[in-house]
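# Notes for the structure review
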Amino acid sequence: MKIALLGYGRMGKTIEKIALQRGHKIIFKVDENTKEYDIKTADVAIDFSIPSAAFNNISNCLNNDVPVISGTTGWLDKYPAVTKLCNKKDGGFIYASNFSLGVNIFFELNEQLAKMMHQLEEYNISMEEIHHTKKLDAPSGTAITLANGIIKHTNKKSWNLNVTNSDSQIPIIAKRIDDVPGTHTVAYNSEVDSIEIKHTAHNRSGFALGAVIAAEWLYGKTGVFTMKDVLGLK
Ligand SMILES: NC(=O)c1ccc[n+]([C@@H]2O[C@H](COP(=O)([O-])OP(=O)(O)OC[C@H]3O[C@@H](n4cnc5c(N)ncnc54)[C@H](O)[C@@H]3O)[C@@H](O)[C@H]2O)c1
Ligand SMILES: O=C(O)C1=N[C@H](C(=O)O)CCC1
């Protein structure tokens, strides 16, 4: 496929490497200095840019009939508008807060655990996410997906960043340390014991491979999809 990379930072560069290994062509790489480009020449676009640019990048693809994958986090207030545009244009779109296969299994495990724990009032739930110091948003998109997975199956109503002790909210502690690619922990603590599930990314290759697999899967399809569709987890 002819792939356009919208964002050519840590993720854009890792995706390029994996896309080339899988026999794709990178036809252009866009960053904030790119003046003009013709998105129509791409078979598919992959956006890993910055929160303030994602909506324009995605809309430009959909308005030009180019299917688009987005892994950019921190722009989800505009997700309903993207869904509407994608359906209106009969386009193709996938967003995932985390494209790695391991994290998508972890999302399923998190929901199963939440279902089992929700009657056990003696356990307090909390979450922690750790990322590199260059990350622009907090909590991470992955942490928000995990929190929403818990909210779906328990009496928790929302999440709260860096605030502990609330009955109706899930506290998420966000830490920024060196070049940590992404570590997420969900913990249930009682007086007598603790249960923890944890995903640790060792590098960015898992995110990048998942994004390229999603792009290959989306090509030729129309609709708004998630990684559950791509991985057959529905
Ligand atoms: N979904 C996932 O699996 C996943 C995994 C890792 C990172 N992310 C997210 O992806 C995004 C990028 O992460 P990163 O580590 O590569 O960041 P980065 O800062 O290394 O790269 C972002 C790039 O976007 C470019 N950019 C700025 N404005 C732009 C514009 N208008 N159009 C296109 N590009 C523009 C910047 O030049 C920069 O190179 C972040 O939001 C991050 O949270 C998601
Ligand atoms: O490095 C980042 O930034 C990451 N962002 C995603 C998130 O916010 O969850 C995925 C993990 C890495």
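We now turn to the structure provided with this report. Predicted model only: the values in this text are computed from it and were never measured.

### Here's the deal with the site of ligand 2
The immediate surroundings of ligand 2 are formed by Thr73, Ser97, Asn98, His131, His132, Lys135, Ser140, Gly141, Thr142, Pro181 and Phe207. In this structure, an oxygen atom belonging to ligand 2 sits 2.8 Å away from a side-chain N or O atom of His132. The separation between an oxygen atom of ligand 2 and a polar main-chain atom of Gly141 is 2.9 Å. Of the residues belonging to the shell around ligand 2, the class tally is two nonpolar, eight polar and one charged. Two domains each put at least three residues into the shell around ligand 2: domain 1 (2-99 + 205-231) and domain 2 (101-201).

### Here's the deal with the site of ligand 1
Close to ligand 1 lie 22 residues, the nearest being Arg10, Met11, Glu32, Gly71 and Thr73. In this structure, Asn57 approaches ligand 1 through a side-chain N or O atom, which is 3.3 Å from a nitrogen atom. Within the backbone of Ser97, one N or O atom sits 3.0 Å away from a nitrogen atom of ligand 1. Summarising the interface, the protein chains cover 82% of the accessible area of ligand 1, which totals 850 Å² for the free molecule. Taken together, the elements giving at least two residues each to the shell around ligand 1 come down to α1 (10-21) and α2 (51-63). Taken together, the residues of the shell around ligand 1 sort by class into nine nonpolar, nine polar and four charged.

### Focus on the pairing of strand β1 (residues 2-6)
Residues in a regular strand project their side chains so that they alternate between the two faces of the sheet. Counted residue by residue, β1 has four buried out of five residues, so it is predominantly covered. With five bridges joining them, β1 and strand β2 (residues 25-30) adopt parallel strand pairing. Directly across from Leu6, in β2, lies its bridge partner Val30. For the handedness criterion, the β-α-β arrangement of β1, α1 and β2 is classed as right-handed. Two elements, β1 and strand β3 (residues 44-47), share four bridges in a ladder whose sense is parallel. By the bridge assignment for β3, Leu5 is matched with Ile46.

### Details of the sheet that holds strand β11 (residues 223-225)
Pairing within the open sheet is parallel, and its six strands lie in the order β2-β1-β3-β4-β5-β11. Of all the strands in the sheet, just β2 and β11 have a single pairing partner and so form its edges. Averaged over all adjacent pairs, the angle separating strand axes in this sheet is 15°, with direction ignored.

### Some points on the packing of helix α4 (residues 101-117) against helix α5 (residues 141-151)
Between α4 and α5, the shortest axis-to-axis distance is 8 Å and the interhelical angle comes to 30°. The orientation of α4 with respect to α5, classified from their angle, is roughly parallel. Once α4 is placed against α5, the crossing between them reads as right-handed. Each of Val103, Phe106, Phe107, Asn110, Glu111 and Ala114 in α4 lies in contact with α5, whose residues at this interface are Thr142, Thr145, Leu146, Gly149 and Ile150.

Thresholds, definitions, all that
- Residues numbered from 1 in each chain as written.
- Chains lettered and ligands numbered in written order.
- Predicted model: local features only at pLDDT ≥ 70, side-chain atom pairs only at ≥ 80, totals over all residues.
- Heavy atoms only, no water.
- Near = heavy atom within 4 Å.
- Polar contact = N/O pair within 3.5 Å; in protein donor to acceptor, adjacent residues only side chain to side chain.
- Nonpolar A, V, L, I, M, F, W, Y, C, P; charged D, E, K, R; others polar.
- Domains from an automatic or database assignment.
- Areas by Shrake-Rupley, 256 points an atom, 1.4 Å probe, with all protein chains shown as cover.
- Helix = DSSP H or I, 4+ residues; strand = E, 2+ residues; numbered from the N terminus.
- Buried < 20%, exposed > 50% of the residue type's maximum accessible area, 1.4 Å probe, protein only.
- Pairing = 2+ DSSP bridges.
- Right-handed = clockwise from strand over helix to strand, strands pointing away.
- Axes fitted to C-alpha atoms, helices over the stretch in contact; angles between N-to-C directions.
- Parallel < 35°, antiparallel > 145°, perpendicular 65-115°, else oblique.
- Left-handed = near helix turned anticlockwise from the far one by under 90°.
- Contact = heavy atoms within 4.5 Å.

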